[in-house]
Amino acid sequence: SSDTKKLLTFIIIMLIAIATIVGCVYVLTELGQGKKSSDSSSVTSEISAAQVNKEVIEEIGYEDISELDSGDISGHIDVPEDSVTQTSIYIADSSSSAVELACFKLKDPDDNKAILEAISKHIASKLKGYSQSPKESELIRNYVTDTCNGYVFMVISESPEAAAKAFRDAVNNKN
């Protein structure tokens, strides 16, 4: 029975080792699943078009600018509803200022053609409205658009490149 005790001890040690290995594999698998789900939730937690604009406004320090109500957007710009899921537009409180920010979340992140055409038409119309103001006309002519991670941004301001950079930062920090 010394051999039987040795065999029994060996079997018990092997069972403990197998149970330990199975337990470790289970724990590592669960930790891996937890990490994957938290990673995917951070990717799917997208920023809204309105939040992008708010972050740009805060970063650049725009003042005397207000968001258009959703009911007023269609009277301001002809948004192609079939290609955009969210729209946020801020315009200057004073009609003598052409300052404007717009952010659009695309249905298809790779298809920005329709909204860029709508922006171009809007700019042409806005330019006519400010034809008597050389300073504002110059701002409008120097407008900037940018596309990033399924969002299109348009800005008319004295520092459109800085606003476009703030737009990219806002979108990239959230995705």
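Refer to the structure above for everything that follows.
Here goes a summary of the coordinates provided. Computed from a predicted model, the values in this text were never measured in an experiment.

A closer look at the pairing of strand β3 (residues 100-106)
Point 1. Among the seven residues that make up β3, seven are buried, leaving the element largely enclosed by the rest of the structure.
Point 2. Neither face of β3 is open: one carries Glu 100, Ala 102, Phe 104 and Leu 106, the other Leu 101, Cys 103 and Lys 105, and all of them are buried.
Point 3. The pairing of strand β2 (residues 84-92) with β3 spans seven bridges and is classified as antiparallel. The residue bridging Tyr 90 from the neighbouring strand is Leu 101, located in β3.
Point 4. As judged from the six bridges shared by β3 and strand β5 (residues 151-156), these two strands associate in the antiparallel manner.

Focus on helix α5 (residues 134-141)
Point 1. Buried residues of α5: Glu 136, Ser 137, Leu 139 and Ile 140, and no others. Axial view of α5: buried residues confined to an arc of 160°, hence all on one face. Away from the buried face of α5 by more than 90 degrees, exposed residues Pro 134 and Lys 135 are located.

Side note on the pattern of salt bridges
Point 1. Per the counting criterion, the structure on display carries five salt bridges.
Point 2. We note a salt bridge from Lys 135 to Glu 158, for which the minimum N-O separation is 3.3 Å. Here Lys 135 is found in helix α5, whereas its partner Glu 158 is found in the loop between β5 and α6 (160-174), with 23 residues between them in sequence. Per residue, the accessibility class of Lys 135 equals that of Glu 158, and both read exposed.
Point 3. When the shortest N-O distance is used, the salt bridge between Lys 165 and Asp 169 registers 2.9 Å. With Lys 165 and Asp 169 both in helix α6 and four residues apart, the pair spans about one turn of that helix.
Point 4. The class for Asp 169 is partly exposed, based on a relative accessible area of 32%.

Rules behind the numbers
- Residue positions are given per chain, counting from 1 as you read along its sequence in written order.
- Since the coordinates come from a predicted model, pLDDT governs what is reported: local features require at least 70, and pairs of side-chain atoms require 80 or more to be given and counted, while whole-chain, interface and lining totals use all residues.
- To obtain the side-chain values, all non-hydrogen atoms of the structure were used and water was disregarded.
- Only protein chains enter the accessibility calculation, which uses a 1.4 Å probe; a residue is then buried when its area is under 20% of its type maximum, exposed when over 50%, and partly exposed in between.
- Only DSSP runs of H or I with at least four residues qualify as helices, and only runs of E with at least two residues qualify as strands; both kinds are numbered from the N terminus onward.
- Here, strands pair whenever DSSP counts at least two bridges between them.
- Here the arc refers to the set of directions running from the helix axis out to each C-beta atom.
- Salt bridge criterion: a side-chain nitrogen from Lys or Arg within 4 Å of a carboxyl oxygen from Asp or Glu.

By themselves, these observations are geometric and do not establish any function.
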